[in-house]
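Commentary on secondary and tertiary structure
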Amino acid sequence: MKKFFRLIFALIVIAFIVLSPSFIRNGIDKSVYTLRKEEKEAKYTGMLELWHIVSFKTPERSGTSLLSTRAGVFEKQNAYVYIDLYAMTAEEAKEKLNAGERPDMISFPLGFIAEEELGDLEKSNELMPAYSDLCTNAYPYMADSYRLFCNGSLLTEKQLPFSSEITENEFYRITNGNRIAGTKTSDHLPSCALAFPDFAEEDMSFITEEETEIIKKINYLEGSELFFQSEAAFYVAPLSEMKTILADKTAGNFGLQAYRISHYTDLVQMIGYFPQEDEKKNAICKLFCESMLSEAVQKAVLSCNMMPVIRQKREERTALSEREEEAVLIGTSGIIPKNDLIYFERENLKELSISACKNDADKQKLYELLIKERAK
């Protein structure tokens, strides 16, 4: 009898050993399936529409390419999320917005859309100081700066400074009596860069007060035509336009020079989202916006020959590139207007900034307006 029970027990043990992996595997499969299902249900899944408003052009890799690559990485990191990217001009975007269309997310130039239309975003501690409060409901993610381009053929060789770093004396000396054309744009204010030239302090005591009043009158005209037709010696425009200028048929006769003149910029690309009732969708949109400030994306911004908006983290102390140096300079101490100031006061700012190029009193008004807005 004992042998019989031992045989039965042995058979039960053998059956358990043979069958238990199947039971365990089924249990594990069910657990993994349940976890995946719960994860999928906890996060948004589906399509997201992203508009990229092309404003100032990137001289190397395009902003559309940058966003497309980022969208691909984001999709791999977030299963069942797919991003459709649409690039368009500011005019095309305005037409769609006026017709009531809204994407899930939008990449736009500073001042293109009122921040009250966008969803809330957490304040980022990664941004450099000058970018930290441009807009409470959107993040800046790349920027450009202005340059004073010079048609050397209209000036004698001795008149032009050799270095790209121009002093205040040199600036007013070479621009005095010469017309300055400004890139014509509905989205940006290049005249502000002229109104706020930023130079190292130097002794100007050898210039009389009367001469100073004459010298500091800048003859600013909007539109690039005069420069390309060699009727204006100077042209203030984004650095990214240098490629376009050099490609112009007449540029070979320019003797082109480019000078840094200002720490002012409004050439900033932003990213935000339109809030919806679906909180899961809002959460995934926020996550994408935050990802644009990641170190990987900001390094990619440099590959576009644009300025990043966060300080680059470095394992070793190495020399900064020219673009990185400029990014730190403007990001630390630059004058960058708030998004809503440009959105609501664009025409007034344009008129005041052009006047400020010729009038110190208006320059003070413009400066106080920008600083007052930044203090809010």
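Our structure's up above, just so we're on the same page.
Residues numbered from 1 in each chain as written. Predicted model: local features only at pLDDT ≥ 70, side-chain atom pairs only at ≥ 80, totals over all residues. Heavy atoms only, no water.

This part covers the side chain of Gln298. By the element assignment, Gln298 lies in helix α10 (residues 295-303). Here the side chain of Gln298 touches Tyr141 through a polar contact of 3.0 Å, landing on its backbone oxygen. (Helix = DSSP H or I, 4+ residues; strand = E, 2+ residues; numbered from the N terminus. Polar contact = N/O pair within 3.5 Å; in protein donor to acceptor, adjacent residues only side chain to side chain.)

The strand order across the open sheet formed by five strands is β2-β1-β3-β10-β4, and the pairing between neighbours is mixed. Two strands lie at the open edges of the sheet, namely β2 (81-89) and β4 (139-143), each paired on one side alone. Across the sheet, the axes of successive neighbouring strands diverge by a mean angle of 20°, strand direction being ignored. Here strand β1 (residues 46-54) pairs with β2 via nine bridges, running parallel. Bridge assignment links Ile53 to a residue of β2, and that residue is Met88. With respect to the sheet, helix α3 (residues 90-98) is in contact with β1 and β2, its orientation differing from that of β2 by roughly 115°. (Pairing = 2+ DSSP bridges. Axes fitted to C-alpha atoms, helices over the stretch in contact; angles between N-to-C directions. Contact = heavy atoms within 4.5 Å.)

So, on to the side chain of Arg323. With respect to the helices and strands, Arg323 occurs in helix α11 (residues 322-333). Within the local environment of Arg323, its side chain forms a polar contact with the side chain of Asp144, the two groups lying 2.5 Å apart. For Arg323, the residues in contact, after removing those within four places along its chain, are Asp144, Ser145, Leu239, Leu302, Asn305, Met306 and Met307.

Attention now goes to the nonpolar core. Soluble globular proteins tend to pack their nonpolar side chains together in the buried interior. Ranked by size, the top nonpolar core spans 90 residues in total, and within it Tyr131 and Leu194 carry the most contacts. In terms of residue count, the dominant contributor to this core is helix α12 (residues 339-356) (five residues). In contact with Leu194, other than residues within four places in its own chain, are Leu148, Phe171, Ile180, Ile218, Tyr220, Val236, Ile261 and Cys357. Ala181, Phe227, Ile245 and Ala258 belong to the second largest nonpolar core, which has nine residues in total. (Core = buried A, V, L, I, M, F, W, Y, C linked by side-chain atoms within 4.5 Å. Buried < 20%, exposed > 50% of the residue type's maximum accessible area, 1.4 Å probe, protein only.)

Turning our eyes to something else, we now look at the sheet that holds strand β6 (residues 179-182). Adjacent strands of a sheet form backbone hydrogen bonds with each other and so pair up, either parallel or antiparallel. Reading across the sheet, the five strands line up as β7-β6-β8-β5-β9 and stay open at both edges, with mixed pairing between neighbours. Looking at the sheet topology across the chains shown, the edges are occupied by β7 (219-222) and β9 (256-260). If you compare each strand with its neighbour and ignore which way they point, the axes differ by 30° on average. Note that strand β5 (residues 146-151) and strand β8 (residues 234-238) share five bridges and pair antiparallel. Within the sheet, the bridge partner assigned to Arg147 lies in β8 and is Ala237.

In this structure, Ala327 sits in helix α11. Judged by relative accessible area, which is 2%, Ala327 ranks as buried. As for Ala327 and Asp144, which are separated by 183 residues in sequence, their C-alpha atoms are 8.6 Å apart. Apart from the residues lying within four places of it in its own chain, the contact partners of Ala327 are Met128, Met307 and Pro308.

Summed over all chains, the structure comprises seven aromatic pairs. Pairing Phe227 with Phe228 gives two aromatic rings, centres 5.8 Å apart and planes at 75°, and the pair type is edge-to-face. We note that Phe227, like Phe228, is buried. Pairing Phe227 with Tyr235 gives two aromatic rings, centres 5.2 Å apart and planes at 20°, and the pair type is stacked. A relative accessible area of 2% places Tyr235 in the buried class. In textbook terms, an aromatic cluster arises when at least three aromatic residues are bridged by ring pairs, as seen for Phe149, Phe227, Phe228 and Tyr235. (Phe/Tyr/Trp six-rings, centres within 6.5 Å; stacked < 30°, edge-to-face > 60°.)

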